[in-house]
Amino acid sequence: MDRSRPFGRSQAEEYEPLNTDDAALESSVIQDDDGHEIPFSWIEYSIFAVLGVAMLWAWNMFLAAAPYFSARFAATPSIKNTFQSAILTVSTITNLSVLIVLSNIQYSASYPFRINLALIINSIVFTLLTCSTTLFLNATPTAYFTFLLIMVGFSSWATGLIQNGAFAFAASFGRPEYMQALMAGQGISGVLPAVAQVTSVLLFPPNEKSRDIEEPAGETSAFFYFLAAVVISVVALITLIPLVRRHNRRVENRMVEHMAESMNSIEEAERAARKVTSLWTLFRKLRWLAVGVAVTFAVTMFFPVFTAKIHSVQEDAGAIFRPTAFIPLGFVFWNLGDLGGRIATMLPFTLKDRPFVLFLCSVARVALLPLYLLCNIDGRGAVVSSDFFYLFVVQMIFGLTNGWLGSSFMMASGEWVDEGEREATGGFMGLCLVVGLTAGSLLSFTISDI
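In this text, all values refer to a predicted model and were calculated from it rather than measured experimentally.

The rules behind each value
- Residues numbered from 1 in each chain as written.
- Predicted model: local features only at pLDDT ≥ 70, side-chain atom pairs only at ≥ 80, totals over all residues.
- Heavy atoms only, no water.
- Helix = DSSP H or I, 4+ residues; strand = E, 2+ residues; numbered from the N terminus.
- Buried < 20%, exposed > 50% of the residue type's maximum accessible area, 1.4 Å probe, protein only.
- Contact = heavy atoms within 4.5 Å.
- Areas by Shrake-Rupley, 256 points an atom, 1.4 Å probe, with all protein chains shown as cover.
- Core = buried A, V, L, I, M, F, W, Y, C linked by side-chain atoms within 4.5 Å.
- Salt bridge = Lys/Arg side-chain N within 4 Å of Asp/Glu carboxyl O.
- Expected span 1.5 Å × (residues − 1).
- Axes fitted to C-alpha atoms, helices over the stretch in contact; angles between N-to-C directions.
- Left-handed = near helix turned anticlockwise from the far one by under 90°.
- 1 Å grid on protein atoms, 1.4 Å probe; cavity = no way out; pocket = protein on both sides within 12 Å on 5 of 7 lines; lining within 4 Å.
- Points joined across faces, edges and corners; volume = space filled by probe spheres on them.
- Nonpolar A, V, L, I, M, F, W, Y, C, P; charged D, E, K, R; others polar.
- Domains from an automatic or database assignment.

1. With respect to the overall build of the chain
In terms of helices and strands, the chain carries 17 helices and zero strands. In the chain, which comprises 450 residues, the proportion classed as buried is 52%. Of all intrachain contacts in the chain linking residues separated by at least 6 positions in sequence, the fraction that spans at least 24 positions is 83%. As displayed, the chain has an accessible area near 19,400 Å², and 66% of this comes from carbon and sulfur atoms.

In structure tokens:
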């Protein structure tokens, strides 16, 4: 099947929508360039979903532990007021730099090695952070701030490795469902920490006046946040083993058929089949998909600024409506919508064969941002005085469109390049996604004083 298609030409006769039932998935025929059928496996799908969870779990743990960090920096207001911006800056710059370097190293790349290295780094980083919640509690805010930024830097390096490695590795299997599994896993990693944050606030209310009650609660929450990140990384390491073995068996089968005499190892066979492609060449083939995924996530980065400022219209109705619980609840609903959108790409309706239409949808999403202005920003009053409107209409729809568009762009990318370019395409699309996140993070400062 010719997977390198010009965008201006209709391919309706070649396109088959993705079915959701097990039988349809198993029977849907996708072939590589040699005419071999590429089977679908729920085991492989599940492993990629776990990798998707591990990919963003570390970052979400830093967000969830923000109240704990704030308590550690309470004695130094200058650090307390800037540590979140510092974490964001170190994270995005490190992540983007790593992805740019890795995207230009294609021929000698070992994507499973990059994934394994990332998981090992995250395991070490979050083990140290877990220990920091019980040891060296008397360290000065400056010393802990330095330690935290070093941990953020290493974790962001690991995030870049696993983003490049996992997207490229998933693309190499030739099944767009596996790319969707990664995106769905990312959505899960957004929902669970947000739910944990709401739960911890309700169980350990921050309005307690006794330091003996408040500080241990924060340390206990952070301990389990960081420990969970260690567990997720270790689980992902273990589940990756059978996936790599399956991949290697397929490469070995190809060696037997085509390369038995000339190739002596799996690495040689992979490199021989791999087509080194410049980022510019990939951009020309995937221009609407690349720009579209960047625009999608750039627009998305405005939502945390609004979500952190919007209060319930009935703050006195109960603990869940107070800002300390209602603000993280807003993140829960956004992430539920995002996860729903990522899962929805498994439904028959899709625009994978219409990259320009997907791009237009990503641009049109900007029109959803003014809906936040109708809500109760900083308790000043809402134009639409309804928490239902904010949570179910604004947050869930904005999250739903992010999940659906982001996954659609990533899944479609492998359909528009040659088989030997799929690995490079996965890494390239991951790079474009992070470019969008970085641009959106910087642009979001324009509304920070709203």
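Picking up where we left off.
2. Some remarks on the nonpolar core
Core analysis: the biggest nonpolar cluster contains 83 residues, and Phe48, Leu51, Phe69, Phe126, Leu129, Phe169 and Leu182 have the highest contact counts within it. It is helix α7 (residues 141–172) that contributes the most residues to this core, 14 residues altogether. If we ignore the near neighbours within four places in the chain, the residues touching Phe126 are Ala58, Met61, Phe62, Ser155, Phe226, Ala229 and Val230. The next biggest cluster of nonpolar side chains, apart from the first, holds 23 residues, and it includes Val198, Phe306, Val332 and Phe398.

3. Concerning the pattern of salt bridges
Under the defined criterion, the tally for this structure stands at seven salt bridges. In this structure, Glu177 engages Arg175 in a salt bridge whose closest nitrogen and oxygen atoms are separated by 2.6 Å. Asp338 is the salt-bridge partner of Arg342, the closest N and O atoms lying 2.9 Å from each other. Residue Arg342 and its partner Asp338 are both found in helix α14 (residues 323–344); the two are separated by four residues, about one turn of the helix. In this structure, Arg342 and Asp338 share a single accessibility class: buried. Through salt bridges that share partners, Lys285, Asp418 and Glu421 make up one connected network.

4. Considering helix α5 (residues 83–103)
Compared with the 30 Å implied by 1.5 Å per residue over 21 residues, the 30 Å span of α5 between its first and last C-alpha is a close match. For α5, the full list of buried residues reads Phe83, Ala86, Ile87, Leu88, Ser91, Thr92, Asn95, Leu96, Val98, Leu99, Leu102 and Ser103.

5. Here's the deal with unusual backbone geometry
At Phe136, a residue that is not glycine, the phi angle is positive and equals roughly 55°. Within the secondary structure, Phe136 sits in the loop between α6 (111–132) and α7. Of note in this structure, Asp378 is not a glycine but carries a positive phi near 55°. You can see Asp378 is positioned in the loop between α15 (355–364) and α16 (387–413). Judged by relative accessible area, Asp378 falls into the partly exposed class, the value being 37%.

6. Description of the packing of α5 against α7
It is the contact of α5 with α7, at a shortest axis distance of 8 Å, that shows an interaxial angle of 35°. Here the hand of the crossing between α5 and α7 comes out right-handed. Taken together, the residues of α7 that come into contact with α5 (itself represented by Phe83, Ala86, Ile87, Val90, Ser91, Thr94, Asn95, Val98, Leu99, Leu102 and Ser103) are Phe145, Leu148, Leu149, Val152, Gly153, Ser156, Trp157, Thr159, Gly160, Leu161, Gln163 and Asn164.

7. Some words on the environment of Asp378
Residues Asp378 and Lys309 lie 69 residues apart in sequence; the distance between their C-alpha atoms is 5.2 Å. Not counting the four nearest positions on each side in its chain, Asp378 is found in contact with Lys309, His311 and Ile450.

8. Overview of empty space enclosed by the protein
A complete count under the given rule lists four cavities of 30 Å³ or more for this structure. Quantified by volume, the largest cavity comes out at close to 120 Å³. In this structure, the largest cavity is lined by 13 residues; those nearest its centre are Ala171, Gly174, Arg175, Pro176 and Gly414. Elements with a contribution of two residues or more to the lining of the largest cavity: α7, α8 (176–203) and α16. Counting residues per element, the lining of the largest cavity draws most heavily on α16, at three residues. Considering only residue class, the lining of the largest cavity consists of six nonpolar, three polar and four charged. When residues of the lining of the largest cavity are assigned to domains, at least three fall in each of domain 1 (40–206 + 217–259) and domain 2 (275–449). Approximately 50 Å³ is the volume found for the second largest cavity. As for the second largest cavity, its lining consists of Leu102, Ser103, Ile105, Gln106, Tyr111, Arg114, Asn164, Leu279, Glu423, Ala424, Gly427 and Phe428. For the lining of the second largest cavity, the elements supplying multiple residues, two or more each, are α5, α6 and α17 (422–443).

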